[in-house]
Amino acid sequence: MVLLAQISDLHLDGTERARERATRVMDYLRALPTPVDALLVTGDIADHGEPSEYREAARILTAAFPVLTCPGNHDSREPLRSALLGEPPAEGPVNRLHLIGGTAILMCDSSIPGKDEGLLDQQTMSWLAESLDALPTGTPALVAFHHPPVTLHHPLPDSYTLQNDQDFAALLADHPEVVAVITGHAHTAAVSTFARRPLLVGPAVTWTLRLPWEGTEVADFEQPPGIAFHVLDERHRLTTHFRTVL
Ligand SMILES: [Fe+2]
Ligand SMILES: [Fe+2]
């Protein structure tokens, strides 16, 4: 069994509000009686992509368990690489393969520098295919990135979805070892399906999306931060639990 936590959309902007909410969820996760095997942070870590925001993220996201990240549309690759990951400057998308308890977790960069829409660009698509092809037979895989490849029936996230969802669907059709797809970006916990796989959208740490039938104000700042737990069992079945952290 592999136990994963997911947080998303911290939007760290140097304010006490953002810092407190991100610290609150990390304190909760660090204090769990049974530690998670890894934490996935699915983008919009910083609000403006500033180096100072990533330095703060690096301090807040410190844990005894592995913390796996990917960028969102509010992130900026260069300072994310240098100030959060401690890596030298490099061109191109930030894609990382992690092996956690025998499960491959592919954290992909769906950001387009300077834009809010999502795209798994050619480099990322090739990296995904090659990484999955190189896995030992029978290794389950989870693919995570920021932008959901489906519409969620709200005009805000639906205006900034993943542009090449059909290319990604074709890739998944060739890779049955991918158990599920995990994203953020929508600021609401949601479950859908994509290419015959579960699609799990983690809630936000910052504010929560008010659904169209709940009212006209888009952002609900009163809701507590949300997190998700993803449990993958020996039969490669995934169960997701959602929590709020008061
Ligand atoms: Fe966000
Ligand atoms: Fe986003």
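It should be noted that the structure appears before, not after, this text.
This one's a predicted model, so the numbers in the text were calculated from it and none came from an experiment.

Quick notes on the rules
- Residues numbered from 1 in each chain as written.
- Chains lettered and ligands numbered in written order.
- Predicted model: local features only at pLDDT ≥ 70, side-chain atom pairs only at ≥ 80, totals over all residues.
- Heavy atoms only, no water.
- Helix = DSSP H or I, 4+ residues; strand = E, 2+ residues; numbered from the N terminus.
- Rg over C-alpha atoms; globule rule 2.2 N^0.38 Å.
- Buried < 20%, exposed > 50% of the residue type's maximum accessible area, 1.4 Å probe, protein only.
- Contact = heavy atoms within 4.5 Å.
- Areas by Shrake-Rupley, 256 points an atom, 1.4 Å probe, with all protein chains shown as cover.
- Lys, Arg positive; Asp, Glu negative; His and termini not counted.
- Charge placed at Lys NZ, Arg CZ, Asp CG, Glu CD.
- Axes fitted to C-alpha atoms, helices over the stretch in contact; angles between N-to-C directions.
- Parallel < 35°, antiparallel > 145°, perpendicular 65-115°, else oblique.
- Nonpolar A, V, L, I, M, F, W, Y, C, P; charged D, E, K, R; others polar.
- Donors = N, O, S within 2.8 Å, 3.2 Å for Na, K, Ca; no water.
- Tetrahedral: all angles 85-135°; square planar, octahedral: opposite > 155°, others 65-115°.
- Phe/Tyr/Trp six-rings, centres within 6.5 Å; stacked < 30°, edge-to-face > 60°.
- Salt bridge = Lys/Arg side-chain N within 4 Å of Asp/Glu carboxyl O.
- 1 Å grid on protein atoms, 1.4 Å probe; cavity = no way out; pocket = protein on both sides within 12 Å on 5 of 7 lines; lining within 4 Å.
- Points joined across faces, edges and corners; volume = space filled by probe spheres on them.

**Q** What exactly am I supposed to notice about the overall build of the protein here?
**A** Assigned secondary structure in the protein consists of 6 helices and 13 strands. In terms of overall size, the protein behaves like a compact globule, its C-alpha atoms giving a radius of gyration of 17 Å where 246 residues would be expected to give roughly 18 Å. If one aligns the C-alpha atoms of the protein with their principal axes, the spans along those axes are about 45 × 40 × 35 Å. Of all 246 residues assigned to the protein, the portion counted as buried reaches 54%. Counted over contacts in the protein with a minimum sequence separation of 6, partners at least 24 positions apart contribute 67%. Accessible surface computed for the protein: about 10,900 Å², of which carbon and sulfur atoms make up 52%. For the protein, the separation between the mean place of its 17 positive charges and that of its 32 negative charges on side chains is 5 Å.

**Q** Hey, could you run me through the packing of helix α4 (residues 122-133) against helix α6 (residues 165-173) in this one?
**A** When two helices pack together, their arrangement is given by the angle between the helix axes and by the axis-to-axis distance. α6 packs onto α4 with a crossing angle of 10° between their chain directions and a minimal axis gap of 11 Å. Between α4 and α6, the interaxial angle falls into the category roughly parallel. Contact residues: Met125, Leu128, Ala129 and Leu132 in α4; Asp167, Phe168 and Leu171 in α6. Residue composition of the contact of α4 with α6, by class: 6 nonpolar, no polar and 1 charged.

**Q** How should I be thinking about the coordination of the iron ion (ligand 2) in this particular structure?
**A** Metal coordination angles in their ideal form are 109.5 degrees for the four-donor tetrahedron and 90 or 180 degrees for the six-donor octahedron. Looking at the iron ion (ligand 2), one finds its protein donor set to be Asp44 (OD), Asn73 (OD1), His146 (NE2) and His185 (ND1), positioned 2.1 to 2.3 Å from the metal centre. Each of the 4 donor atoms around the iron ion (ligand 2) contributes to a set of angles spanning 86 to 162°, which defines the coordination as irregular. One chain supplies every donor to the iron ion (ligand 2), and in sequence these donors are spaced D-x28-N-x72-H-x38-H. Relative accessible area serves as the criterion here: at 0%, His146 is assigned to the buried category.

**Q** Please explain the packing of aromatic side chains as it appears in this structure.
**A** The relation between two aromatic rings is expressed through the spacing of the ring centres and the mutual angle of the planes. Counting across every chain of the model gives 3 aromatic pairs. Seen in terms of ring centroids, Phe145 and Phe168 are 5.2 Å apart; in terms of plane orientation they differ by 80°. Their pairing is edge-to-face. Residue Phe145 is located in the loop between β6 (141-144) and α5 (155-158), and its partner Phe168 is located in helix α6; the two are separated by 23 residues in the primary sequence. As far as the burial class goes, Phe145 and Phe168 line up, both buried. Members of the aromatic cluster, each reached through a chain of ring pairs, are Phe145, Phe168 and Phe194.

**Q** What exactly am I supposed to notice about the coordination of the iron ion (ligand 1) here?
**A** Surrounding the iron ion (ligand 1) are the protein donor atoms Asp9 (OD), His11 (NE2), Asp44 (OD) and His187 (NE2), which sit 2.0 to 2.2 Å from the metal. With 4 donor atoms in place around the iron ion (ligand 1) and angles of 87 to 176° between them, the coordination shape is irregular. Positions of the donor residues of the iron ion (ligand 1) along the chain correspond to the pattern D-x1-H-x32-D-x142-H. The two metals, the iron ion (ligand 1) and the iron ion (ligand 2), are separated by 3.4 Å and share Asp44 as a common coordinating residue.

**Q** So what exactly am I meant to see when it comes to the pattern of salt bridges here?
**A** Two side chains of opposite charge can pair, provided their charged atoms sit close to one another. Scanning all chains against the criterion turns up 7 salt bridges. With a shortest N-O distance of 2.9 Å, Arg77 and Asp109 are connected by a salt bridge. Here Arg77 is found in helix α3 (residues 77-84), whereas its partner Asp109 is found in the loop between β5 (103-107) and α4, with 32 residues between them in sequence. Each member of the pair Arg77 and Asp109 is classed as buried. Asp220 is the salt-bridge partner of Arg210, the closest N and O atoms lying 3.7 Å from each other. Placement of Arg210 in the loop between β10 (208-209) and β11 (219-220) and of Asp220 in strand β11 is noted, with a sequence separation of 10 residues between them. Overall, the relative accessible area of 11% leaves Asp220 in the buried class. Residues participating in the shared-partner salt-bridge network are Glu16, Arg19 and Glu56.

**Q** Is there a simple way to explain α3 in this structure?
**A** Given 3.6 residues per turn, any residue in an α-helix points the same way as the ones three and four places further on. Residues Arg77, Pro79, Leu80, Arg81 and Leu84 constitute the buried set of α3. Residues of α3 that are buried in the fold lie against α2 (51-60), β3 (67-70) and β4 (96-100). Of the residues one or two after α3, Gly86 is the one with positive phi, at around 65°.

**Q** How should the layout of surface pockets be read in this particular structure?
**A** Empty space left among the atoms is revealed by rolling a probe the size of a water molecule over them. For the largest pocket, the calculated volume is near 330 Å³. As for the largest pocket, its lining consists of 22 residues, of which His11, Asp44, His74, His187 and Trp207 are closest to the centre. Looking at the lining of the largest pocket, the elements that each hand over two or more residues are α1 (16-30) and α5. For the lining of the largest pocket, a count of residues per class yields 9 nonpolar, 7 polar and 6 charged.

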